[in-house]
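# Report on the structure
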Amino acid sequence: MATKSDSGVMNIKKKVANLKQELDEANDRANTAESTLRDKEVIIDKLESDLKAAHQKLSLTEDELDKAESSVSELTARAEQAEKEAEEAQRSMKVFEESLYKEQEKVEVLEKDCESTKTAHHELEEKYNDAARKLQNDDLEDRLEDLESQNEETDQPDHRTGS
């Protein structure tokens, strides 16, 4: 029975050796799996970190977008206001131009009136000067007649004195 027992021990030793080999292989696989797990955890940590950074960047980008939209809204409002002011300025300019045109027409009429008034004034001055000369000539003629009369009276002998 010794052979049977020897063969049973051999079988057990073989099984133990097989189990040790399987255990070593399982330990190797476990070590490899742990190493792979650590590598994967490192990759996951990096991906989580990258994801967190991407979320922060997205948040900052959204904030910048909000600011940009606000700026666009403000600039649009300013542009609309400037456009309204420009339209109002154009209306005011048209009113001013119409007023200026009317004033220019008035000036032209006044200039014509001024010219005709100057002409009339000049004509009146000439008439006045002619009348003044005529009046002066008439006065001189009257004085001349008076002087001639006086001269005639002085030239005639006085009948009352008997000379």
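A brief look at the structure comes next. A quick note: this is a predicted structure, and the numbers were derived from the prediction, not measured.

### A look at the overall build of the protein chain
Of regular secondary structure, the protein chain possesses 1 helix and 0 strands. Its C-alpha atoms give the protein chain a radius of gyration of 67 Å, clearly above 15 Å, the size a compact globule of 163 residues would have. Principal axes of the C-alpha set define a box for the protein chain whose edges measure 230 × 25 × 15 Å. The proportion of buried residues among the 163 residues of the protein chain is 0%. Here the protein chain has roughly 15500 Å² of accessible surface; of this, 55% comes from carbon and sulfur atoms. Side chains of the protein chain carry 25 positive and 45 negative charges; the gap between the two charge centres is 25 Å.

### A word on a negative patch on the surface
A cluster of acidic residues, Asp-138, Asp-139, Glu-141, Asp-142, Glu-145, Asp-146, Glu-148, Glu-152, Glu-153 and Asp-155, forms a negative patch at the surface. As for its position among the elements, Glu-152 is in helix α1 (residues 2-155). Taking the relative accessible area as the measure of exposure, Glu-152 reaches 52% and is therefore exposed.

### Section: the environment of Lys-118
For Lys-118, the position within the fold is in helix α1. Take Lys-118: its relative accessible area is 51%, and that puts it in the exposed class.

### Quick look at the pattern of salt bridges
Counted according to the given criterion, the structure contains 5 salt bridges. For Glu-74, the salt bridge is made with Arg-78, and the minimal N-O distance between the two is 2.9 Å. One end of the pair, Glu-74, and the other, Arg-78, are both in helix α1, 4 residues apart, so they sit about a helical turn from each other. Note that Arg-91 is salt-bridged to Glu-88, the shortest N-O span being 3.0 Å. Here Glu-88 and Arg-91 lie together in helix α1, a separation of 3 residues that amounts to about one turn.

Thresholds applied
Residues numbered from 1 in each chain as written. Predicted model: local features only at pLDDT ≥ 70, side-chain atom pairs only at ≥ 80, totals over all residues. Heavy atoms only, no water. Helix = DSSP H or I, 4+ residues; strand = E, 2+ residues; numbered from the N terminus. Rg over C-alpha atoms; globule rule 2.2 N^0.38 Å. Buried < 20%, exposed > 50% of the residue type's maximum accessible area, 1.4 Å probe, protein only. Areas by Shrake-Rupley, 256 points an atom, 1.4 Å probe, with all protein chains shown as cover. Lys, Arg positive; Asp, Glu negative; His and termini not counted. Charge placed at Lys NZ, Arg CZ, Asp CG, Glu CD. Patch = residues over 30% accessible without salt bridge, like charges linked within 9 Å, V, L, I, M, F, W, Y side chains within 5 Å. Salt bridge = Lys/Arg side-chain N within 4 Å of Asp/Glu carboxyl O.

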